[in-house]
Amino acid sequence: MLGNDVVRPPHLADRIAVSSLVRRWLMALAGVLLGSVTAISALMFTVVALVVVASARLLGRRGESLRSAIDAGALGLSEWEIRRLTRFHGTLHTDVATPHRCRWYLGMRWTIGLLGIGVVLLLALCVVVAGSMVSAWILNGGWGLIENADRVDGGLITLVSLPGILLIFVAIVGVAGVGSLDRWFAVQVLGRQSDRILHQRVAELTSSRDHVVDAIDDERRRIERDLHDGIQQHLVALGMLIGRARRAEKPDKVHELLAQAQATSQEAISELREVANRVYPIALDTDGLRASVEAMAERASVPVRVTYELTERLRPAVESVLYFVISEAVTNAAKHAYPKLLEVNVAHQRFDRVLATVTDDGGGGADPSGTGLSGLARRVAAVDGTLSVHSPVGGPTVVTASVPCG
């Protein structure tokens, strides 16, 4: 013993290593057994998905709900598979899951599950046959080949037992192999490999840095326009009214001009508050995202219906991004689409993400490459999020932002 280090005897270390190996194999066996069950679900889902997708194409827009249900099912089953693989076969890091990738994964994954069923059945068959042979040898004295078990030829026993031992070994190794194959396939389809992550992350950070600089410059220009076209004009008008009031001789005229000056000052204050809210609403820090979105909806020039399903506060960067996405989307829709109603929905998304959706019933035709929407896309990308815009001519327009919580 040196210091606090404990030196274990060699035989104890061997027992610990064997125990750990057996425990890992039993975990792999449990994962393969459970994966065999879920493979049947994946096969059934694949068959149903093919039928539903074909039907949805024939139905056109009326089949959107069917496609949405299939996408939700693919995401749910894939999330379950990832949890199973993480629990029984080791940690698995995934990219942002998309319905297309999840459908493709489930459409191929059931073959691995059937392979697992075959390996487990082979192992069970080998164990049953070996157990029956040993029982027969013990109970019947050499399987009935000889009358005295003591006279059994050792070479004959070895010759008869060797194929069975090899099959049992192949089945035992096959269980671990199927588990590794299952995890490898998930990594290839849904997972993230270290080299690819590194190169992708470097590219994303380089692009995000450039986008952040562009977004800051765009924000500065927008603030300058707001100050120049709004507050500055009100202050100029206020100065002129006060100057006219000083030069006026009639008390009634002075009173009228001062009343106009007071109204203009109130307009300037309101405009200044609006600009300050667009720069960063103080309520976002004190009251959170929900209160800020509801306050923004009350100030909007069109009716806005807010559905907020989160129960906990998000980290400040996420709340800030989601607020500005929702605020800008509502402002753009009210200014250009002339909708009768806007719907804002904030909810949890699978794989520890938050989904914010803004839908308007306007005329559609929004350009995702426009200044406003492209700026939102850069802002969302800066926190590893994604922004999508679906705006067919005739509407509706749906702006969706998906942002990771962590």
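Placed above this text is the structure.
Residues numbered from 1 in each chain as written. Predicted model: local features only at pLDDT ≥ 70, side-chain atom pairs only at ≥ 80, totals over all residues. Heavy atoms only, no water.

## Regarding unusual backbone geometry
Even without glycine at this site, Tyr338 takes up a positive phi of about 50°. When you line up the elements, Tyr338 lands in the loop between helix H9 (316-337) and strand S2 (342-349). (Helix = DSSP H or I, 4+ residues; strand = E, 2+ residues; numbered from the N terminus.)

## Observations concerning the packing of aromatic side chains
Within this structure, the stated rule accounts for 3 aromatic pairs. Ring centres of Trp104 and Phe185 lie 6.0 Å apart, and the angle between their planes is 25°; on these two criteria the pair is classed as stacked. Of this pair, Trp104 sits in helix H3 (residues 99-140) while Phe185 sits in helix H4 (residues 154-189); the two residues are 81 residues apart in sequence, bridging distant segments of the chain. Residue Trp104 is classed as partly exposed on the basis of its relative accessible area, which comes to 47%. Aromatic pair Tyr323 and Phe324: ring centres 5.5 Å apart, planes at 80°, arrangement edge-to-face. Accessibility expressed as a relative area gives 3% for Tyr323, which makes it buried. Since its relative accessible area comes to 9%, Phe324 is described here as buried. Here the aromatic cluster, defined as three or more aromatic residues joined through ring pairs, consists of Trp104, Tyr105 and Phe185. Over the ring of Phe88 we find Arg87, and its NZ or CZ is 5.3 Å from the ring centre. (Phe/Tyr/Trp six-rings, centres within 6.5 Å; stacked < 30°, edge-to-face > 60°. Buried < 20%, exposed > 50% of the residue type's maximum accessible area, 1.4 Å probe, protein only. Lys NZ or Arg CZ within 6 Å of the ring centre and 35° of its normal.)

## What to know about the packing of helix H8 (residues 289-299) against H9
With their axes 10 Å apart at the nearest point, H8 and H9 run at an angle of 15° to one another. What the angle tells us is that H8 and H9 run roughly parallel. The handedness of the crossing between H8 and H9 is right-handed. Packed against H8, whose contacting residues are Leu289, Ser292, Val293, Met296 and Arg299, the element H9 presents Glu319, Leu322, Tyr323, Ile326, Ser327 and Val330 at the interface. Taken together, the residues that form the contact of H8 with H9 break down as 7 nonpolar, 2 polar and 2 charged. (Axes fitted to C-alpha atoms, helices over the stretch in contact; angles between N-to-C directions. Parallel < 35°, antiparallel > 145°, perpendicular 65-115°, else oblique. Left-handed = near helix turned anticlockwise from the far one by under 90°. Contact = heavy atoms within 4.5 Å. Nonpolar A, V, L, I, M, F, W, Y, C, P; charged D, E, K, R; others polar.)

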